Amino acid sequence: MQSDFWIMKPFNGLFFATFAVFILILVVASLIMRKRSDRAKRIVIAVAALIGLVGFFVYKYFLSIDTEYDAITQNMGGFNWWGELPLHLCNINLILIPIAVLSKKRPLLSFCFFVAPLGALMALLMPANGFSGYSLLLPRMIGFYGIHFLIIIAALAILTFGLYRPRFRDILPTVLTITAVALIVFGINMLFRYTGLHPKANYFYSVETEGNFLLEIFHKWIPVPFLYLLPSFLILVPYILLITTPFEIAAHRKKK
């Protein structure tokens, strides 16, 4: 019974309990930091993301010596360090969040706020092979779920700490930023494949869809690597609009 209790799957009791713990951490941290200076708030968020980045590589080390995971991923060539860098949609925010909050660049802040929680949540709800149906006490499970939940609360803290308020004017810069970041990552994929460092490099899923049903649809529309991602970036627009509208309304009422 105890082993069943620790089994982690999307939408099971342990999943929601773990999510609740991280949200509680965000609420408590936001209350503690409420009257602190913006500089202190930025440092706290940046440090949290950098700790997450260090934790990411610790987690990947344990993944590299995980024989079970290596067997699970044999069809993709097994573990490869060049394929485990923080360059996927969610993980790249461990690098970008500190840059965004310390540089105060609004396009980066909006990118991290909107995209990081979405990317991390998608990974949590649709985990890759080896990360669903196993004990949360396994190092790879602790690393995977801990890092992704941390990304969510670090990105949301940009808002709850009072460092950023979404506005409609952020929509275009956010879409352009994710397009630029994805293009850079696509170039890295091509470099790794061309040099043989990782023949199946596919960060951002910009070269192959790997069976993702939504990307499969887009690939039928635009059967060209990277370009088939563009419709998914446009889907961000209604998502951003939905989140931003209440803040836009509140800003207009405040002016009155």
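Scope of this entry: the structure provided in the associated data block. Note that this is a predicted model, so its numbers are computed, not measured. (Residues numbered from 1 in each chain as written. Predicted model: local features only at pLDDT ≥ 70, side-chain atom pairs only at ≥ 80, totals over all residues. Heavy atoms only, no water.)

**Let's talk about the packing of aromatic side chains**
The condition that has to hold: Pairing of aromatic rings covers Phe, Tyr and the six-membered ring of Trp, with a centre-to-centre limit of 6.5 Å; geometry is then stacked below 30 degrees between planes, edge-to-face above 60, and tilted otherwise. Sitting over a ring, as applied to charges here, requires NZ of Lys or CZ of Arg to be within 6 Å of the ring centre and within 35 degrees of the ring normal.
One pass over the structure, following the stated rule, counts 22 aromatic pairs. Following the ring pairs from residue to residue traces out a cluster consisting of F11, F15, F16, F19, F22, Y69, F131, F144, Y145 and F149. The cationic tip of R140 hangs over the ring face of Y134; the distance from NZ or CZ to the ring centre is 4.5 Å.

**Quick word on helix α11 (residues 236-255)**
Heads up, the rule is: Think of it this way: any DSSP run of H or I at least four residues long counts as a helix, any run of E at least two long counts as a strand, and we number them from the N terminus. The span you would expect from a helix comes to 1.5 Å times its residue count less one. Here the bend at a residue is taken as the angle between two axes, fitted respectively to the seven residues that end there and the seven that start there. Between buried and exposed lies partly exposed: a residue is buried under 20% and exposed over 50% of the maximum accessible area for its type, with that area taken using a 1.4 Å probe on protein chains only. Residues are treated as being in contact if the distance between any of their heavy atoms lies within 4.5 Å.
Here α11 spans 28 Å end to end across 20 residues, near enough to the 28 Å set by a 1.5 Å rise per residue. At T244, α11 is bent by approximately 40°, the largest bend along its length, and proline P246 sits one to four residues beyond. Taken together, the buried positions of α11 are L236, I240, T244, E248 and A251. Check the buried side of α11 and you find it contacts α6 (106-125), α8 (171-195) and α10 (230-234).

**Some details on α6**
Taking 1.5 Å per residue as the helical rise, α6 with its 20 residues ought to reach 28 Å, and the 29 Å between its terminal C-alpha atoms agrees with that figure. At V115, α6 shows its strongest bend, of approximately 30°, with the proline P117 following within four residues. Of all 20 residues in α6, 14 are buried, a share of seventy percent or more.

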